[in-house]
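# Descriptive analysis of the structure
Listed below are the residues making up each chain.
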Amino acid sequence: MFDWSNCDSYNVICVSEGDKLEAENFIEEIILKDLENKRFDCVQTRHPPEPSGYLHIGHVRNIILNYGIAEKFGGVCNLRYDDTNPTKESQEFVDAIQEDVKWLGYHWNQIHYATDYFQKNYEIAIEFIKKGLAYVCDLSPEELSKSRGTLTTPGVESPYRNRTIEENLRLFEGMKNGEFKPGERCLRAKIDMASPNMNMRDPVIYRIQTNHHQRIGNSWKIYPSYDFSHPLDDCLEGVTHSICGPEFEDHRPLYNWVVENSGLKNHSRQIEYANLYIKGAILGKRFIKKLVQDGKVSGFDDPRLYTIRGLRRRGVLPNSLKNFVKATGVSKSNALIEPAFFEHFVRDELNSVSKRVMAVLNPLKVIITNFEGEEDVLLEDYPQNETTTQRVYKFTKELYIERTDFEKVPPPKFKRLFPNGEVRLKGAYIVKCVGFDEDKDGNVTCVYCEYDKNTKSGSDCTKKVKGTIHWVSEKYSKKIEVRLLDNLVEEESADVVEGQEHAVDDYNINPNSLVILNNCLIESDVEFNFDDRYQFLRMGYFCLDKDSTNEKLVFNRTITLKEGKF
RNA sequence: UGGGGUGUAGCCAAGCGGUAAGGCACGAGACUUUGACUCUCGCAUGCGUAGGUUCAAAUCCUGCCACCCCAGCCA
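Calculation notes
- Residues numbered from 1 in each chain as written.
- Chains lettered and ligands numbered in written order.
- Predicted model: local features only at pLDDT ≥ 70, side-chain atom pairs only at ≥ 80, totals over all residues.
- Heavy atoms only, no water.
- Helix = DSSP H or I, 4+ residues; strand = E, 2+ residues; numbered from the N terminus.
- Rg over C-alpha atoms; globule rule 2.2 N^0.38 Å.
- Buried < 20%, exposed > 50% of the residue type's maximum accessible area, 1.4 Å probe, protein only.
- Contact = heavy atoms within 4.5 Å.
- Areas by Shrake-Rupley, 256 points an atom, 1.4 Å probe, with all protein chains shown as cover.
- Lys, Arg positive; Asp, Glu negative; His and termini not counted.
- Charge placed at Lys NZ, Arg CZ, Asp CG, Glu CD.
- Expected span 1.5 Å × (residues − 1).
- Phe/Tyr/Trp six-rings, centres within 6.5 Å; stacked < 30°, edge-to-face > 60°.
- Lys NZ or Arg CZ within 6 Å of the ring centre and 35° of its normal.
- Right-handed = clockwise from strand over helix to strand, strands pointing away.
- Near = heavy atom within 4 Å.
- Polar contact = N/O pair within 3.5 Å; in protein donor to acceptor, adjacent residues only side chain to side chain.
- pLDDT = per-residue confidence, 0-100.
- Pairing = 2+ DSSP bridges.

## Considering the overall build of chain A
Looking only at helices and strands, chain A features 13 helices and 27 strands. In terms of overall size, chain A is more extended than a compact globule, its C-alpha atoms giving a radius of gyration of 31 Å where 566 residues would be expected to give roughly 24 Å. The dimensions of chain A, computed from C-alpha atoms along their principal axes, are 100 × 60 × 45 Å. When burial is assessed residue by residue, chain A has 54% of its 566 residues classed as buried. Long-range contacts, defined here as pairs at least 24 residues apart, represent 72% of the contacts in chain A between residues at least 6 apart. In the form shown here, chain A has an accessible surface area of approximately 26,300 Å², with 47% of it arising from carbon and sulfur atoms. One way to put it: in chain A the 76 positive side-chain charges average out to a point 2 Å from where the 89 negative ones average out.

## As for helix H7 (residues 226-237)
Along its twelve residues, H7 runs 16 Å from first to last C-alpha, staying within 8% of the 16 Å computed at 1.5 Å per residue. Most of H7 is tucked away: eleven of the twelve residues are buried. All of the buried residues in H7 are Asp-227, Phe-228, Ser-229, His-230, Pro-231, Leu-232, Asp-233, Asp-234, Cys-235, Leu-236 and Glu-237. Gly-238, located one to two residues past H7, shows a positive phi value of around 95°.

## A closer look at the packing of aromatic side chains
The full count for this structure, using the stated rule, is 32 aromatic pairs. Ring geometry for Tyr-54 versus Phe-93: centroids 5.3 Å apart, planes at 90°, classification edge-to-face. Note that Tyr-54 is positioned in the loop between strand S1 (44-47) and helix H2 (57-72) and Phe-93 in helix H3 (residues 91-104), a separation of 39 residues in sequence. What makes Phe-93 buried here is its relative accessible area of 6%. Ring geometry for Phe-528 and Phe-555: centres 5.0 Å apart, planes at 80°, overall edge-to-face. Of this pair, Phe-528 sits in the loop between strand S24 (514-523) and strand S25 (534-536) while Phe-555 is found in strand S27 (residues 554-559), placing the two residues 27 residues apart along the sequence. Side by side, Phe-528 and Phe-555 carry an identical accessibility label, which is buried. Of the aromatic side chains, those joined through ring pairs into one cluster are Phe-118, Tyr-122, Phe-128, Phe-172, Tyr-206, Trp-220, Tyr-223, Phe-228 and Trp-257. Over the ring of Trp-220 we find Lys-176; its NZ or CZ atom is 5.5 Å from the centre of that ring.

## Focus on the pairing of S1
Side-chain alternation along S1 places Gln-44 and Arg-46 on one buried face and Thr-45 and His-47 on a second face that is also buried. What joins S1 to strand S2 (residues 76-81) is H2, and the crossover it makes is right-handed.

## Section: the protein's contact with RNA strand B
If you check the shell around RNA strand B, you find 66 residues, and the closest are Thr-84, Asn-85, Ser-331, Arg-356 and Ser-457. When atoms of RNA strand B within 4 Å of the protein are sorted by moiety, sugar and phosphate together comprise 65%. Here a phosphate oxygen of RNA strand B and a side-chain polar atom of Ser-145 are 3.3 Å apart. Interatomic distance of 3.4 Å between a side-chain N/O atom of His-344 and a phosphate oxygen of RNA strand B. Elements with a contribution of two residues or more to the surface near RNA strand B: helix H5 (141-147), strand S6 (204-208), strand S11 (335-337) and helix H12 (339-353). If one sorts the elements of the surface near RNA strand B by residue count, H12 sits on top with four residues.

## Topic: the confidence of the model for chain A
Looking at chain A as a whole, the pLDDT averages 93, with 93% of positions reaching at least 70. When the criterion is pLDDT under 50, residues 1-18 qualifies, and its contacts beyond four places in sequence or with other chains add up to 29 contacts. Under a pLDDT of 50 for its full length, residues 498-503 has, in the predicted model, eleven contacts with residues more than four places off or in other chains.

## Concerning the pairing of strand S14 (residues 363-368)
Put simply, side chains in a regular strand alternate between the two faces of the sheet. Burial analysis of S14 places five of its six residues in the buried class, which makes it a mostly covered element. Two elements, S14 and strand S17 (residues 398-402), share five bridges in a ladder whose sense is antiparallel. The partner of Pro-363 across the bridge, within S17, is Glu-402. Here S14 runs beside strand S20 (residues 444-452); their pairing, made up of four bridges, is parallel.

## Section: the environment of Ile-111
Its place among the elements puts Ile-111 in strand S3 (residues 111-113). For Ile-111, a relative accessible area of 28% translates into the label partly exposed. A C-alpha to C-alpha distance of 9.7 Å links Ile-111 and Arg-46, two positions 65 residues apart in sequence. Every residue in contact with Ile-111, bar those within four places of it in the chain, is listed here: Leu-79, Tyr-81 and Gln-98.

Next comes the structure, spelled out in structure tokens:
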């Protein structure tokens, strides 16, 4: 449990007077002003996920903001699970969230749980009752809902609103002791049933909850609602700035009402920012869950998903994700971002760290008719780095090229192989196509080439050809499985934005979102591991998938190379 | 319809009374043993809209329009 003796000593690291920090967004502007005005003399944030689902790309902005701002201002950020609803939550998610945050490279100061504060919340609730700010209401959920009024008509006050403090205290104690069933009674804040802000119409701040809780079991029978526990926990923990999504904007008056009446020393400030969506990305915990349940994807780490683990399995690096989110900025208008923007940051990082390897996804056999034996050629591992290492590869008579790199009749501006055309085989020789075989359907089955022995890579060969293609030696290659990933959702239905009720059912699943290629060939002497990233020359960026076995390596294509114009 | 929030290019986004940053996308060109990368150039007489204030307005004022959020004992 949380050590309350320390709860007033949270302002450990403070921004020193001499530091001149510049605000990078409106939230930091607010923080800077608070510091200048001495409203706070330090900054503390919190990352408050509810353990009811896996983290996805939409959560990253909140994570970056909370952990990032704490770091920038020399403060701390605690991970605090908002675990006040056992009907939705589980330990599985608790564990997964920590794993994902770590993977992103962030460090929390302490881990707390909203349930840690239940005793304190309860004590404060009693104070609210004693001050006449809260009352036990016997209305059923249906009755309560009706009495709340509508957007345009005020609510009506509960007949239980003016119970005596003593009766409220006794009833609340009864709720706590399990004397009533869920829904039978609740504790409500006494604010204003006529408020134009629905959240201020005597909101429920405690309800009876008998489900088993992943952390505290059945020890508590009453649970504070978010609107009551969150502001309190922020203050108790020493949070100065409580950064949250736009849906809580309307709750801010309630947040402040709770804070101001709590009697707590620290008064936290809630700041809301807008959500980030990606066109065609299915976000939203319940939508993702449905995809998994319906078997539309293989699990929460399906590489087509925008969950943190999905992206991770796909091969996206944490910094790409962070750079992307940072580049979207922070504003108060919801952003629906084009996937191309995200992809740019994925490629940007992969380009600089990926080892270059030759792999043929869709093999077409080539025979070099005038070549015998085998010969060493040199290939650069990291040509994007000046200090790249090199490796030796074998050039042989029989090899494979990409089927799409040969055309019987070349279209205009075609730069690769065609009858009588010349092309360079990457790192090796310039070859000329001197013929090909085809089956009775007209499919090319083998291409015959002659190599020009004066054109070896690295020699001072002056001959130039328009195209360079990748290849793999038949003898020095091995078979791999490659998974090509594409948008899970068909483009036509991609306009549907997360947040809309009908979302998942309106999406059309793209049948080609996962294409498995079983007969790909790759250089046999390169060693692969799970931590590294690879560029299969001209074919995109790949990473090893967890489904790999000793017999067969499985690669996911994280993303294609940018497609040039031709 | 009440309340809250938001509208700057195809997508994000700076801008905070002095004459529209930047990124992505897109287009043109250079380079290239990856049609990648890199580089160069281009890309809003215009800031949701209509008025008003001002020497000067995306910035201030007023009206209107559009979109998002709120009527869980969810968060």
